[in-house]
Amino acid sequence: MITSAQIRAARAMLGMDQRMLAEKSGLSLPTIQRMEASDGQVRGVVDSLVKVVQALEAAGIELIGENAPSSGGGRGVRFREPKAPPNP
């Protein structure tokens, strides 16, 4: 499942604003805003989520699920669990 942080990060990597993502995905601006405002995983109509993912992928973004391998090449950024600070 896609998270709101992934959508925001993908847009930032592409230099795309919410309005542009709405146009490319065929969704309304308020729908994109609601998706990005949600905490954690985006909740919404599955068809709308698919449209957002397809629009981002068409623009060159690969969305990677938690603990999933990346299927493509190229540069990327990925969250990981933070390391514990060393004990003094």
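The coordinates are above.
A brief look at the structure comes next. Every chain begins its residue count from 1, and numbering advances along the sequence as written. Residues qualify for local features only when their pLDDT is at least 70, as the model is predicted, and side-chain atom pairs are given and counted only at 80 or more; totals for whole chains, interfaces and linings, by contrast, use all residues. Each side-chain value is derived from all of the structure's non-hydrogen atoms; neither hydrogens nor water enter the calculation.

1. Thoughts on the side chain of serine 38
Working definition: helices are DSSP H or I runs of at least four residues, strands are E runs of at least two. Numbering for both runs from the N terminus. Inspection of the secondary structure assignment puts serine 38 in the loop between helix 3 (29-37) and helix 4 (46-58). Only protein chains enter the area calculation, which uses a 1.4 Å probe; residues under 20% of their type maximum are buried, those over 50% are exposed, and those in between are partly exposed. Serine 38 sits in the buried class, given a relative accessible area of 16%. The term polar contact refers here to a pair of N or O atoms within 3.5 Å; inside protein, the definition further demands a hydrogen-donor-capable atom paired with an acceptor-capable atom, and it admits residues adjacent in sequence only when both atoms are side-chain atoms. Looking at serine 38, its side chain comes within polar contact range of the main-chain oxygen of methionine 35, at 2.6 Å. Contacts were defined at the residue level, with two residues in contact if any of their heavy atoms lie within 4.5 Å. Residue contacts for serine 38: discarding those within four places in its chain leaves Ser4 and Arg43.

2. Quick look at helix 4
Helices are assigned an expected span. That span is 1.5 Å times one less than the residue count. For helix 4, built from 13 residues, the straight-helix expectation of 18 Å at 1.5 Å per residue is met to within 8% by its first-to-last C-alpha distance of 18 Å. Three or more residues of helix 4 are buried, namely Ser48, Leu49, Val52, Ala55 and Leu56. Viewed end-on, helix 4 has its buried residues packed into an arc of 130°, placing them on one side of the element. Across helix 4 from its buried face, at more than 90 degrees, point the exposed residues Val46 and Ala58. On its buried side, helix 4 packs onto helix 1 (4-14), helix 2 (18-25) and helix 3. Once helix 4 ends, the next one or two residues include glycine 60, with phi positive near 110°. The arc refers to the directions leading from the helix axis to the C-beta atoms.

3. Comments concerning helix 1
Within helix 1, the full set of buried residues consists of Ser4, Ile7, Ala10 and Arg11. Each buried residue of helix 1 lies within a common arc of 130° when the element is viewed along its axis, so the set occupies one face. The exposed set on the far side of helix 1, more than 90 degrees from its buried face, consists of Ala12 and Met13. Contacts from the buried residues of helix 1 go to helix 2, helix 3 and helix 4.

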